[in-house]
Amino acid sequence: MDGTAITIIILAIAGVVTLLIFVLKGVLDQLPDLFESARKAREAWEQLTKKNDEAPRPDETEEQPPPVIPSADEEPPAAA
């Protein structure tokens with residue numbers, strides 16, 4: 001092999017290594033977004049399954065009005 005062939009082989013190997021590093025960097029840059037999306041999907045799934053398992057409860061911080069109980073001597077309102 002002459003010097004020109006060796007130079008071309010070295011440049012080709014360097015080009016392939018550079019391309020692999022560029023692709024690897026692109027994949028690694030996308031990982032945080034992928035993990036964030038996976039976390040949001042997991043939280044949404046947990047909320048969905050939790051919502052189906054539990055009956056909704058009123059918020060304890062909100063004051064609820066007292067229930068209206070008609071007395072026995074009152075008549076119900078007449079229908080129109």
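What this report covers is the structure whose coordinates are included nearby. (Residues numbered from 1 in each chain as written. Predicted model: local features only at pLDDT ≥ 70, side-chain atom pairs only at ≥ 80, totals over all residues. Heavy atoms only, no water.)

1. Quick notes on the overall build of the protein
- Assigned secondary structure in the protein consists of one helix and zero strands.
- Of all 80 residues assigned to the protein, the portion counted as buried reaches 0%.
- As displayed, the protein offers around 8100 Å² of accessible surface, 65% of which is attributable to carbon and sulfur atoms. (Helix = DSSP H or I, 4+ residues; strand = E, 2+ residues; numbered from the N terminus. Buried < 20%, exposed > 50% of the residue type's maximum accessible area, 1.4 Å probe, protein only. Areas by Shrake-Rupley, 256 points an atom, 1.4 Å probe, with all protein chains shown as cover.)

2. Thoughts on a nonpolar patch on the surface
- The grouping of M1, I6, I9, I10, I13, V17 and I21 at the surface amounts to a nonpolar patch, some 730 Å² of accessible area in total.
- Position of I13 among the secondary structure elements: in helix 1 (residues 3–53). (Patch = residues over 30% accessible without salt bridge, like charges linked within 9 Å, V, L, I, M, F, W, Y side chains within 5 Å. Salt bridge = Lys/Arg side-chain N within 4 Å of Asp/Glu carboxyl O.)

3. A word on the pattern of salt bridges
- Per the counting criterion, the structure on display carries three salt bridges.
- The residue K25 makes a salt bridge to D29 at a minimum N-O spacing of 2.8 Å. Placement of both K25 and D29 in helix 1 is noted, with a separation of four residues, approximately one turn of the helix.
- E36 is the partner of R39 in a salt bridge, and the nearest nitrogen-oxygen pair spans 2.4 Å. Within this pair, R39 and its partner E36 are both found in helix 1, separated by three residues, close to a single helical turn.
- Classification of E36 as partly exposed rests on a relative accessible area of 34%.
- One salt-bridge network, in which partners are shared between bridges, spans E36, R39 and E43.

Purely spatial values, then, with no claim about function.
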